[in-house]
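# Descriptive analysis of the structure
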Amino acid sequence: MTLQAEFSAALLDAERLVPSGLIAWNGSNPDKRFAVYRNNVVTSLIDALADTFPVTLELVGDEFFRAMARVFVAQTLPRSPILAEYGDALPVFVENFPPAASVPYLADVARLEMLYLTAYHAADARPLDNAAFQSALADSAALPNARMRLHPSVGLLKSPYAVFSLWAAHQGAFGIGTVDPYRAEDVLVVRPRSDVEVMPLRSGAFYFLEQLADGASFGDSVMAVGEVQPDFDLVATLSDLIGVGAVIAINF
Amino acid sequence: MTKPHAQNAISAITLAAALGAALSMTSAPVAAAEGANEHCYGVALKGKNDCKAGPGTTCAGTSKVDYQGNAWKSVPKGSCEKTASPTSPTGFGQLQEFKEKA
């Protein structure tokens, strides 16, 4: 093992010995200095996760979250110096973390929080305005083959749990006691301007948006949803998407 | 150019009607100057700045010092130039980035 590999392995595993040959600049005990550094590394990464996943943390409490994060950190070094990206692997970790099994919706709440952060850092784009929608409407014969371009910050989540309601309850929208976590919910996350919007999706809207995101035409997307979700409400869904600013172009 | 087949021709009317109805129910967010917030430079404390999205730009929580002149925070519209900024030549936050005074 190279000294560097030995050094980084020892950083994340308190059981390991401090790499031999280390000396402190002021002659103090290298073991103690290394322990301080190790603690700073691990704690800063746990803090970063706590900042990224505030609702996940609230759902299980600070103590549990930090203990779980410590295990995650020990097996997951950052792959980039951008701390905002650290944690994209946490949802999968949570899903397979046995002590969290009693909170089955925890991983999906973490997924939603990661989507929120990703949308926050996504590129800016201007949502399509009313005039542009009206002019698209004027060319109605071409609508079936037109392609709606979604905002680059759009993120979609499909969950068997009430992931939006759980998240919203923690933003103070309503009491957590009123939420049935076992009702399936789909969510749209988008940042049309400075602020990230999180919106629950109607029946079929998730599939519709997936089609649009894949580059399917407007007509094909509507037909595809109709086949799998007969109660899909196209008017209400379009109204939701227009209102939140999720569409940035209609290309003919 | 391909000729639309019958199913698509029906869809054109359906789609236009749906889009028209949706537009009459909601209005799209108004462009540009309408947001409730503005980007305010020079008012964020160290590490508390908001994101400046896009390639090669600084991002959330990266400012190194308090009141850094090229780091912004999203604040309610109209409040930026009323917020004190010790580093700003005007003494207040600014809507454009600035060089901090010494």
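Residues numbered from 1 in each chain as written. Chains lettered and ligands numbered in written order. Predicted model: local features only at pLDDT ≥ 70, side-chain atom pairs only at ≥ 80, totals over all residues. Heavy atoms only, no water.

Moving on, we come to the overall build of chain B. A tally of helices and strands in chain B yields one helix and two strands. Listed by position from the N terminus, the elements making up chain B come as α-β-β. A buried classification covers 36% of the 102 residues belonging to chain B. Of the contacts made within chain B by residues no fewer than 6 positions apart, 50% connect residues no fewer than 24 positions apart. Of the roughly 6,000 Å² of accessible surface on chain B, a fraction of 62% belongs to carbon and sulfur atoms. (Helix = DSSP H or I, 4+ residues; strand = E, 2+ residues; numbered from the N terminus. Buried < 20%, exposed > 50% of the residue type's maximum accessible area, 1.4 Å probe, protein only. Contact = heavy atoms within 4.5 Å. Areas by Shrake-Rupley, 256 points an atom, 1.4 Å probe, with all protein chains shown as cover.)

Glancing now at the nonpolar core. Residues and elements named next belong to chain A. One finds Leu49, Phe65, Met68, Val73 and Leu112 to be the most contacted residues of the largest nonpolar core, which totals 50 residues. Those elements that provide at least two residues to this core are helix 1 (3-12), helix 2 (30-52), helix 3 (54-60), helix 4 (62-75), helix 5 (90-95), helix 6 (106-121), helix 8 (163-170) and strand 3 (185-190). In terms of residues, this core owes the most to one element, helix 6, which gives nine residues. Formed jointly, this core draws a minimum of three residues from each of two domains, domain 1 (1-103) and domain 2 (124-252). Counting 35 residues, the second-largest nonpolar core is a separate cluster that includes Ala136, Val225, Phe232 and Leu238. (Core = buried A, V, L, I, M, F, W, Y, C linked by side-chain atoms within 4.5 Å. Domains from an automatic or database assignment.)

Moving on, we get to the domain arrangement of chain A. Each domain of chain A was delimited in the assignment, giving domain 1 (1-103) and domain 2 (124-252). The straight-line distance from the C-alpha centre of domain 1 of chain A to that of domain 2 of chain A is 37 Å.

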